[in-house]
Amino acid sequence: MTALTLYPMPGNEARAAAIARALGGRVEVQVAACNVHRFPDGENLVQVQAPAPGSQAVLVCTLNAPDSKTVPLLMAASTLRDLGATQVGLVAPYLAYLRQDRRFMPGEAVSARVYARLLSAHFDWLLTVDPHLHRIHDLSEIYALRSRVLHAAARMAAWIQAHVDRPLIVGPDGESAQWAADVAARVGAPVVVVSKTRLGDEDVRSTIPDLHLHLGRTPVLIDDIVSSGRTLVAALDHLREQHAPPAICLAVHGLFADNALAAIRAAGAARVVCADTTDGIDAPGVEIIPLDEDLAQGVLEMTSRGCSQSAPAAARASSTIPGERA
């Protein structure tokens, strides 16, 4: 296997260093500089350390708050390829722009497909964690590159086993049911799912099953993404109405838009725990589940498959991507 160089985009330095440590002894790896200078007019200048001849380059950039990150990221990928990297991969624990996966109203952009084209045109492969998929069932339907999805359920279950006696796993809505059921099976705990109706961006109505069959258990709310926090707040309100013990909120991706974290705590969450997939989660009291070993193993598997650049070339040559009509 050729040499492997990790290039962390700004804010991802600690994540890249942890992945490199986890890879230590299994592959020749180094962490190189990737600097972004922002001019007063808002444009960016990207400068990367030149890759060693014949090496594989891996950009590390989680993609919450993607608009400010994407242009520098694509510049870095293109520059690494220009400077001789045999392969350019992307580690993005959180993958953005999957919400809008179809045209709901006339004239709307199908953001998931647009963003997939951008990344596919510049990278050979993509490694991410639990993407928020709905009508798109697999990344290969929209991404014209090799992709690998990691799942945080095992790490979340291990955290629960280490910190919670007699848990009751609660899915705060139907979309979270798959994650809640998976984690519940791993810890051998019962699971209930809240029935939710979303009337607007911040207007959520929900009902929760009767919890009398689960007296004495600590509710653990499991969700894949916490953005506005309204779904968790509604579930916490129902738990409090049924006199359940203070609940733990456990999520894969903690985005915490606006005052979401404060609202979740005010609704009675005893603990807030997230996997380490986004940057900027530095609020006191938010507990982090590291995924370094999982990401390192994913990088090892993706970079061991050879050094083909066919996927980005194909993406540049055609505007049609898998799963979309020409």
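These numbers come from a predicted model, not from an experiment.

Reading guide: rules and limits
Residues numbered from 1 in each chain as written. Predicted model: local features only at pLDDT ≥ 70, side-chain atom pairs only at ≥ 80, totals over all residues. Heavy atoms only, no water. Helix = DSSP H or I, 4+ residues; strand = E, 2+ residues; numbered from the N terminus. Contact = heavy atoms within 4.5 Å. Buried < 20%, exposed > 50% of the residue type's maximum accessible area, 1.4 Å probe, protein only. Salt bridge = Lys/Arg side-chain N within 4 Å of Asp/Glu carboxyl O. Pairing = 2+ DSSP bridges. Axes fitted to C-alpha atoms, helices over the stretch in contact; angles between N-to-C directions. pLDDT = per-residue confidence, 0-100. Phe/Tyr/Trp six-rings, centres within 6.5 Å; stacked < 30°, edge-to-face > 60°. Arc of directions from axis to C-beta. Polar contact = N/O pair within 3.5 Å; in protein donor to acceptor, adjacent residues only side chain to side chain.

**A look at the overall build of the protein chain**
Then, number 1: In terms of regular secondary structure, the protein chain is built from nine helices and 16 strands.
Then, number 2: Here the analysis covers contacts within the protein chain between residues at least 6 apart in sequence; of these, 69% occur between residues at least 24 apart.

**Focus on the environment of V31**
Then, number 1: Structurally, V31 is set in strand β2 (residues 29-31).
Then, number 2: Each C-alpha atom of the pair V31 and A17 lies 6.9 Å from the other, and the pair is 14 residues apart in sequence.
Then, number 3: Filtering out sequence-adjacent residues up to four positions away, V31 remains in contact with L6, P8, A16, A17 and A20.

**Thoughts on the environment of P53**
Then, number 1: Relative to the assigned elements, P53 resides in the loop between β4 (44-48) and β5 (56-60).
Then, number 2: Taking the relative accessible area as the measure of exposure, P53 reaches 82% and is therefore exposed.
Then, number 3: A C-alpha to C-alpha distance of 7.0 Å links P53 and A85, two positions 32 residues apart in sequence.

**Some thoughts on the pattern of salt bridges**
Then, number 1: Counting across every chain of the model gives nine salt bridges.
Then, number 2: D276 is the salt-bridge partner of R15, the closest N and O atoms lying 3.2 Å from each other. Within this pair, whereas R15 is found in helix α1 (residues 13-23), its partner D276 is found in the loop between β15 (271-275) and β16 (286-289), the two being separated by 261 residues in sequence.
Then, number 3: Given a relative accessible area of 6%, R15 falls into the buried group.
Then, number 4: Among the ionic pairs, D279 bridges to K69, the shortest N-O distance being 2.9 Å. A residue pair is termed long-range when its members are at least 10 positions apart, and D279 in the loop between β15 and β16 and K69 in helix α2 (residues 67-82) qualify at 210 residues. The pair formed by D279 and K69 is uniform in burial state, with each residue classed as buried.

**Brief notes about the sheet that holds β15**
Then, number 1: The strand order across the open sheet built from six strands is β10-β9-β13-β14-β15-β16, with neighbouring strands paired in parallel fashion. The open sheet has two free edges, formed respectively by β10 (191-193) and β16, since each of these has just one partner strand. Here the average twist between neighbouring strands, direction ignored, is 25 degrees.
Then, number 2: Note that strand β9 (residues 167-171) and strand β13 (residues 218-226) share four bridges and pair parallel. From the neighbouring strand, I169 faces β13, where its bridge partner is V220.
Then, number 3: Along the sheet, helix α4 (residues 153-163) contacts β9, β13, β14 (248-254), β15 and β16; its crossing angle with β14, the most-contacted strand, is approximately 155 degrees.
Then, number 4: Helix-sheet contacts for helix α5 (residues 177-187) involve β9, β10, β13 and β14, and the interaxial angle to β9 is about 165 degrees.

**Regarding the confidence of the model for the protein chain**
Then, number 1: In this model, the protein chain carries an average pLDDT of 88, and 88% of its residues clear a pLDDT of 70 or more.
Then, number 2: Mean pLDDT in the protein chain bottoms out at helix α9 (residues 310-317), which sits at 40, and peaks at strand β7 (residues 125-129), which reaches 98.
Then, number 3: Confidence drops under pLDDT 50 across residues 307-326; counting only partners more than four residues distant or on other chains, this segment forms 42 contacts.

**Description of the packing of aromatic side chains**
Then, number 1: What the rule picks out here adds up to one aromatic pair.
Then, number 2: Both rings, one in Y97 and one in Y115, keep their centres 5.1 Å apart while their planes meet at 50 degrees; by these two values the pair is tilted. Taken together, the residues span a long stretch of sequence, with Y97 in the loop between β6 (87-91) and α3 (111-120) and Y115 in helix α3 at a distance of 18 residues.

**Digging into the sheet that holds β5**
Then, number 1: If you walk across this open sheet you meet the six strands as β2-β1-β5-β6-β7-β8, and the pairing is parallel. What marks the edges here is a single partner per strand, and that holds for β2 and β8 (146-150). Looking at each pair of strands side by side, their axes are set apart by 20 degrees on average, direction ignored.
Then, number 2: In this fold α2 packs onto β1 (4-8), β5 and β6, with an angle of close to 170 degrees to the strand it touches most, β5.
Then, number 3: Sheet strands touched by helix α8 (residues 292-303): β1, β5, β6, β7 and β8. Its angle to β7, the strand with the most contacts, is close to 160 degrees.

**Quick word on α5**
Then, number 1: Within α5 the residues assigned to the buried category are W179, A180, V183, A184 and V187. Down the axis, α5 shows its buried residues gathered within 125 degrees of arc, on one side only. Relative to its buried face, α5 has exposed residues pointing more than 90 degrees away, namely Q178 and A185.
Then, number 2: The inward-facing, buried residues of α5 abut α4, β9, β10, β13 and β14.
Then, number 3: Count one or two residues on from α5 and you reach G188, which has phi positive near 70 degrees.

**Let's talk about the side chain of D101**
Then, number 1: If you trace the backbone, D101 turns up in the loop between β6 and α3.
Then, number 2: A relative accessible area of 6% places D101 in the buried class.
Then, number 3: Separated by 2.8 Å, the side chains of D101 and R135 make a polar contact.
Then, number 4: When neighbours within four sequence positions are excluded, D101 is seen to be in contact with V110, A112, H134, R135 and I136.

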